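# Per-entry structural report
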Amino acid sequence: MLKRISVLCMVLFLLVALAGCGGGAPASVSGGGAGSGADSAAAGGSDSQQEEIVVQHPLGETRVRKNPQKVVVFDFGVLDTLDKLGINVTGVPQANIPTYLQKYKSEAYVNVGNLQEPDFEKISEIAPDLIIISGRQREAYEELAALGPTIYMAVDPSRYVDSFKENMRTLGKIFGKEEEVEQELAKIDQMIADLRNRVTQLENKNALVILVNDRSISAFGPGSRFGLIYDVFGFTPVDPNIEVSTHGMNISFEYLAEKNPDYLFVIDRGAVVGGEGVASAQQTLDNDLVKMTKAYKNGNIVYLDANYWYLSGGGLASVSEMIQQVANSLR
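Everything numeric here is computed off the predicted structure, so don't read it as measured data.

What counts as what
- Residues numbered from 1 in each chain as written.
- Predicted model: local features only at pLDDT ≥ 70, side-chain atom pairs only at ≥ 80, totals over all residues.
- Heavy atoms only, no water.
- Helix = DSSP H or I, 4+ residues; strand = E, 2+ residues; numbered from the N terminus.
- Contact = heavy atoms within 4.5 Å.
- Buried < 20%, exposed > 50% of the residue type's maximum accessible area, 1.4 Å probe, protein only.
- Pairing = 2+ DSSP bridges.
- Axes fitted to C-alpha atoms, helices over the stretch in contact; angles between N-to-C directions.
- Parallel < 35°, antiparallel > 145°, perpendicular 65-115°, else oblique.
- Nonpolar A, V, L, I, M, F, W, Y, C, P; charged D, E, K, R; others polar.
- Core = buried A, V, L, I, M, F, W, Y, C linked by side-chain atoms within 4.5 Å.

What follows is about the environment of Phe 120. With respect to the helices and strands, Phe 120 occurs in helix 4 (residues 120-126). With 23 residues separating them along the chain, Phe 120 and Glu 143 place their C-alpha atoms 8.0 Å apart. Setting aside chain neighbours within four positions, we find Phe 120 in contact with Ala 140, Glu 143, Leu 144 and Leu 147.

Written as structure tokens, this is what we have:
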């Protein structure tokens, strides 16, 4: 009798043990096996695609999805940056696109108006994940923000390099290109250091930056949209009292002769936005008073490419080219 009871107990024990082992396998599959693991991976991928960052900018705070797919860009400096980083965009303003970005005039990209007048209907049809604007679209910010997450990325000329770098790093975070951005910024830092060192060694480095628009001339000083020539590159402003304004200070030929700069840096607005019959900067400056200046006599009137300096600027490609153009002017 006792032997029979012992055998029964042993059988019951084995059954319970087997049941326990059998229960462990299904629990593992539901929690971390092939089925639930795939579900978890899918959920993780979805979370990754929907990951957002908060971008602080002068016009507000915007939540932006990382790696946005449908991107509308109104700033050509941002556009040349995304182009350099290999990031696709959906819509651009196709009027007055800089020559070095001409590929964006093709039908592969949606024309979203011009720099001053966005085509809100076209932008709405795109349903953008991100809209990037700068100064010329500032007044349209609220309307654009109603159509998609909108960030303002104009460069602050009073702190050009820092502001530029902040914008580039923000783009790096949004599009997962932080490492590439840092590499490009390091190259630009070196270019600036090399140029500034060369400028420091100049015996005569009084300079003036002017914008020529047909027959009108405006001067720009430190802290202005073209002020990096003084503030960053190291030229001495021939007139430190030029008031900072978007369109510069209107000046005369007599002013140029009086200030008599060693270097005269010229940006020809008409070359990129002027129509027929607009005088070139060379024609406008073909003047006896200009010919009295040291800049003219020493061959130091430097015509900067308005595609980079006027239409664009503030991008990885444009800033690099702007530095190079000034460096090429030094002998």
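On we go.
Another point: the pairing of strand 6 (residues 130-133). Burial along strand 6 is two-sided: the face carrying Leu 130 and Ile 132 and the face carrying Ile 131 and Ile 133 are both buried. Relative to strand 6, strand 3 (residues 71-73) runs parallel, the two being bridged by 3 bridges. Opposite Val 73, over in strand 6, you have Ile 132 as the bridge partner. Looking at chain direction, strand 6 and strand 7 (residues 150-152) are connected through 3 bridges and run parallel. In the sheet register, Ile 132 faces strand 7, and the bridge partner there is Ile 151.

Turning our attention to the packing of helix 3 (residues 76-84) against helix 14 (residues 316-329). Packing of helix 3 against helix 14 leaves a shortest axis separation of 6 Å and a crossing angle of 105°. Taken together, the axes of helix 3 and helix 14 are roughly perpendicular relative to one another. When helix 3 is examined against helix 14, the residues Gly 77, Asp 80, Thr 81 and Lys 84 are found in contact with a partner set consisting of Leu 316, Ala 317 and Ser 318. A class-by-class count of the residues in the contact of helix 3 with helix 14 yields 2 nonpolar, 3 polar and 2 charged.

Its location among the elements puts Ala 306 in helix 13 (residues 306-311). Excluding residues within four positions of it along the chain, Ala 306 makes contact with Ile 267, Asp 268, Val 272 and Leu 311.

With that settled, consider the nonpolar core. In terms of nonpolar packing, the biggest core is built from 81 residues, with Leu 208, Ile 210, Phe 233, Phe 235, Phe 265 and Trp 309 touching the most fellow members. It is helix 6 (residues 160-175) that contributes the most residues to this core, 7 residues altogether. Residues contacting Leu 208, with those up to four places away along its chain left out, are Ala 219, Phe 220, Tyr 230, Val 238, Ile 242, Tyr 255, Leu 256, Pro 261, Tyr 263, Leu 264 and Phe 265. Core analysis: the second largest hydrophobic core is formed by 11 residues, Val 72, Phe 74, Ile 126 and Ala 140 among them.

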